[in-house]
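# Chain and residue survey
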Amino acid sequence: MLTITIIGSGYVGLITGICLAERGHAITVVDIDEKKVRAINAGEPPIYEKGLQELLSKHAGSNLHASTSYASVSDSDVIFIAVGTPPLPDGSADLQYIKSAAEQIGIALQERHVPYPVVVVKSTVPPTTTRDIVVPAVEKSMKDPFGSCMNPEFLREGRAIEDFMHPDRIVIGSCDEEAIAKMKQVYAGFDAPMLVTSSTAAEMIKYAANAMLATRISFSNEIGNVCKKLGIDVYEVMQGVGLDNRIGPAFLNAGVGFGGSCFPKDVSALASLAIAVGIDPILLHSVIKVNDNQPSIMMALLEERVHDLSGKQIAVLGLAFKDNTDDIRESRAIRIIELLREKGARIKCYDPMAMEEVKHLFPPSQEISYMSSAGNALDGADACLVLTEWPEFAELDVEFSRMKTQIIIDGRHILSIPHAEGLCW
Ligand code: UGA
């Protein structure tokens, strides 16, 4: 059992904390947001994540505590940095929170009670950040030896606890034997291959993995756009492609494109990084371009079917960037709603979880309303767009008879009714 402090109680920090608490470690999660800290200590999840409520009720107040202070750092065997790295206007990652967390860890470690604490970067950071920014920032105040490591996360929102507990691999980016041994203790009992690399390679693995997944999606979308013109079902095509062992079936689902806080941000950050070292990121730019274009392709198809959208009532099913979350960051639905509004359409939306979030962006009005069920959103609609792969949409059937006109475009290959039209199939 190790004593661990995690700086940052966002989605990565909190999931790391609660899962390591479940593995028996003593965890303190540090955040500047007092409201969040109070919620965690009261066993109330500040974010929605499947299974989080149960684990928080089990561990909050026993081996998981939240605090606004860095005091626990001095007693910790391992200190994780899990603060945000939001994009700057040029797409590169803003590292100010990483740097400030590392500096404060250094100050707290001046009074340390552990002989060789290990500082671990869990946030997604550009290669060299751990070595050239984090370690020097800790050393600014702390002159005694300490270990450092980069340990990327590969968690999917909505399935993060499952992903943490059953990872495909654990990447330990360090060349310090003592730090590596400590990380093996952190992950003792996890049934996954462990890959030990340099810290810079570990940092790059995270970006490259996300860029690869995003590339597969944009590739599938481009093939899908061609298939649509030729009257071919891209899902049949990708099934045939994915059965090749060298390719595999995951992340080949064509549709309205990827959203979320990770793929768009990480692909842009990697592209900026490439430019900074004199490489033209031709492929990465195309991945973003294909993705940005999918909502327009959906709008063009809608206009082909409906002709003039002005004054037409459009049902929008799905607002979250994917199922099982209320997160709307970079959700394709936001772009589609903007485009529908530009065309003068009246929108009736429904999402099982994300409506409150979208109301902040588009307050309810004559042009946009938020309905309590998919059926109510479909009532009297001239057309319907499906934008999120919520499993409950697969069950929809008689609800579509409430529409005025049966123009139904599925952007996620989720509907089961035969007369829905696929975006690229
Ligand atoms: C992604 C990665 O999958 C995680 O491994 C990674 O740790 C995480 O980013 C991160 O960097 O933190 P996440 O953003 O939660 O996870 O969501 P995904 O399940 O990967 O889906 C991303 C988007 O791609 C969604 O909008 C989804 O609808 C879309 N998608 C996914 C497709 O359009 N097609 C697919 O075949 C798969």
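Residues numbered from 1 in each chain as written. Predicted model: local features only at pLDDT ≥ 70, side-chain atom pairs only at ≥ 80, totals over all residues. Heavy atoms only, no water.

### Some words on the overall build of the chain
The cut-off we apply is this: Strands are runs of DSSP state E lasting at least two residues, helices are runs of H or I lasting at least four, and both sets are numbered from the N terminus onward. Each residue is assigned to one of three classes by its accessible area relative to the maximum for its type, calculated with a 1.4 Å probe on protein chains only: buried under 20%, partly exposed between the two thresholds, exposed over 50%. By definition, residues are in contact when any of their heavy atoms lie within 4.5 Å. Per-residue accessibility takes into account occlusion by the displayed protein chains alone, with areas from the Shrake-Rupley method and a 1.4 Å probe. Under this rule, positive means Lys or Arg and negative means Asp or Glu; His and the chain ends count for nothing. For this purpose, a charge sits on NZ of Lys, CZ of Arg, CG of Asp or CD of Glu.
A tally of regular secondary structure across the chain gives 14 helices and 14 strands. Judged by the C-alpha coordinates and their principal axes, the chain covers about 70 × 45 × 40 Å. Burial analysis of the chain (425 residues in total) assigns 55% to the buried set. In the chain, once contacts between residues fewer than 6 apart in sequence are set aside, the share between residues at least 24 apart is 72%. Here the chain has roughly 18500 Å² of accessible surface; of this, 54% comes from carbon and sulfur atoms. Across the chain, the centroid of the 38 positively charged side chains sits 2 Å from that of the 55 negatively charged ones.

### Description of the environment of Lys348
Relative to the elements of secondary structure, Lys348 occurs in strand 10 (residues 346-350). A C-alpha to C-alpha distance of 58 Å links Lys348 and Val114, two positions 234 residues apart in sequence. Filtering out sequence-adjacent residues up to four positions away, Lys348 remains in contact with Gln313, Ile314, Ala315, Val316, Ser369, Met371, Asn376, Ala377 and Asp379.

### Some details on the pattern of salt bridges
What counts is decided by this rule: Salt bridges, as used here, are contacts in which a Lys or Arg side-chain nitrogen is within 4 Å of a carboxyl oxygen on Asp or Glu.
Counted by the stated rule, this structure contains 20 salt bridges. Between Glu103 and Lys140 there is a salt bridge, with its nearest N and O atoms 3.0 Å apart. Of this pair, Glu103 sits in helix 4 (residues 96-108) while Lys140 sits in the loop between helix 5 (129-139) and strand 6 (147-150), placing them 37 residues apart in sequence. For the salt bridge of Glu338 with Arg335, the shortest nitrogen-to-oxygen distance reads 2.8 Å.

### Side note on the site of the ligand
What counts is decided by this rule: If a single non-hydrogen atom of a residue is within 4 Å of a molecule or strand, that residue counts as near it. Between N or O atoms, a polar contact is any pair within 3.5 Å; within protein, one atom must be a potential hydrogen donor and the other a potential acceptor, and residues adjacent in sequence are included only when both atoms are from side chains. Under the grouping applied here, Gly and all other residues not named as nonpolar or charged are polar, the nonpolar ones being Ala, Val, Leu, Ile, Met, Phe, Trp, Tyr, Cys and Pro and the charged ones Asp, Glu, Lys and Arg. For every domain, the bounds stem from an assignment made automatically or drawn from a database.
Surrounding the ligand, one finds 22 residues, the nearest of these being Glu157, Lys206, Asn210, Phe321 and Glu389. Within the backbone of Glu157, an N or O atom sits 2.7 Å from an oxygen atom of the ligand. Arg412 places a polar side-chain atom, nitrogen or oxygen, 3.2 Å from an oxygen atom of the ligand. Of all the secondary structure elements, the ones that give two or more residues to the shell around the ligand are helix 8 (199-230) and helix 10 (263-276). In terms of residue count, the dominant contributor to the shell around the ligand is helix 8 (four residues). Of the residues in the shell around the ligand, the class split is ten nonpolar, four polar and eight charged. A domain-level breakdown of the shell around the ligand finds at least three residues from each of domain 1 (3-197) and domain 2 (213-422).

### Quick word on the nonpolar core
A general feature of soluble globular proteins is that nonpolar side chains tend to end up buried together. Inclusion rule: Within this scheme, the nonpolar core is defined by two criteria: the residues are buried Ala, Val, Leu, Ile, Met, Phe, Trp, Tyr or Cys, and they are joined through side-chain atoms within 4.5 Å.
Of all hydrophobic cores here, the largest spans 60 residues; its most connected members are Leu317, Leu319 and Leu340. Considering every element that reaches this core, the biggest residue donor is helix 12 (residues 332-342), with six residues. In this structure Leu317 touches Tyr350, Ala374, Ala377, Leu378, Cys384, Leu385, Val386, Leu387, Thr388, Phe393 and Leu396, once residues within four positions along its chain are discounted. If you look at the next biggest cluster of nonpolar residues, it comprises 41 residues, including Leu14, Ile172, Val186 and Ala192.

### Observations concerning helix 10
Our working rule: Here a helix's expected span is defined as the number of its residues, less one, multiplied by 1.5 Å.
For helix 10, with 14 residues, the first-to-last C-alpha span of 20 Å sits near the 20 Å given by 1.5 Å per residue. Within the sequence span of helix 10, burial applies to Phe263, Pro264, Asp266, Val267, Ala269, Leu270, Ala271, Ser272 and Ala274. In this fold, the buried residues of helix 10 make contact with helix 8 and helix 11 (282-306). Following helix 10 by one or two positions, Gly278 adopts a phi angle in the positive range, close to 85°.

### Some words on the pairing of strand 6
Note on strand geometry: in a regular strand, side chains alternate between the two faces of the sheet. Rules: DSSP-based pairing: two strands are paired if at least 2 bridges between them are found. With strands facing away from the observer, any crossover in which the path from the first strand over the helix to the second runs clockwise is taken as right-handed.
Taken together, the four bridges between strand 5 (residues 118-121) and strand 6 define a ladder with parallel strand orientation. Looking across to strand 6, one finds that Val119 is bridged to Ser148. Each parallel crossover has a hand, and the one from strand 5 via helix 5 to strand 6 is right-handed.

### Section: the domain arrangement of the chain
Filter applied, for reference: Buried area is calculated as the accessible area (1.4 Å probe) missing from two parts once they are joined, with the contributions of both summed.
Domain boundaries in the chain define domain 1 (3-197) and domain 2 (213-422). Once you take the C-alpha centre of each, domain 1 and domain 2 turn out to be 34 Å apart. Counting residues at the interface gives 15 residues for domain 1, matched by 15 residues for domain 2. For the pair domain 1 and domain 2, the two sides together bury roughly 1200 Å², of which 50% comes from carbon and sulfur. Looking only at domain 1, the three residues that lose the most surface to domain 2 are Tyr48, Glu157 and Arg159, adding up to 45% of its buried area. Linking domain 1 with domain 2 are two salt bridges. Arg159 serves as the salt-bridge partner of Asp323, at 3.1 Å between the closest nitrogen and oxygen.

### Looking at helix 9 (residues 234-242)
Heads up, the rule is: By construction, the arc corresponds to the directions joining the helix axis to the C-beta atoms.
Among the residues of helix 9, those classed as buried are Val234, Tyr235, Met238 and Gly242. For helix 9, the angular spread of buried residues about the axis comes to 95°, placing them on one side. Turned more than 90 degrees away from the buried face of helix 9, the exposed residues are Glu236, Gln239 and Gly240. A distance of 2.8 Å separates the backbone nitrogen of Tyr235 from a side-chain oxygen at the start of helix 9, and that oxygen is part of Asp233.

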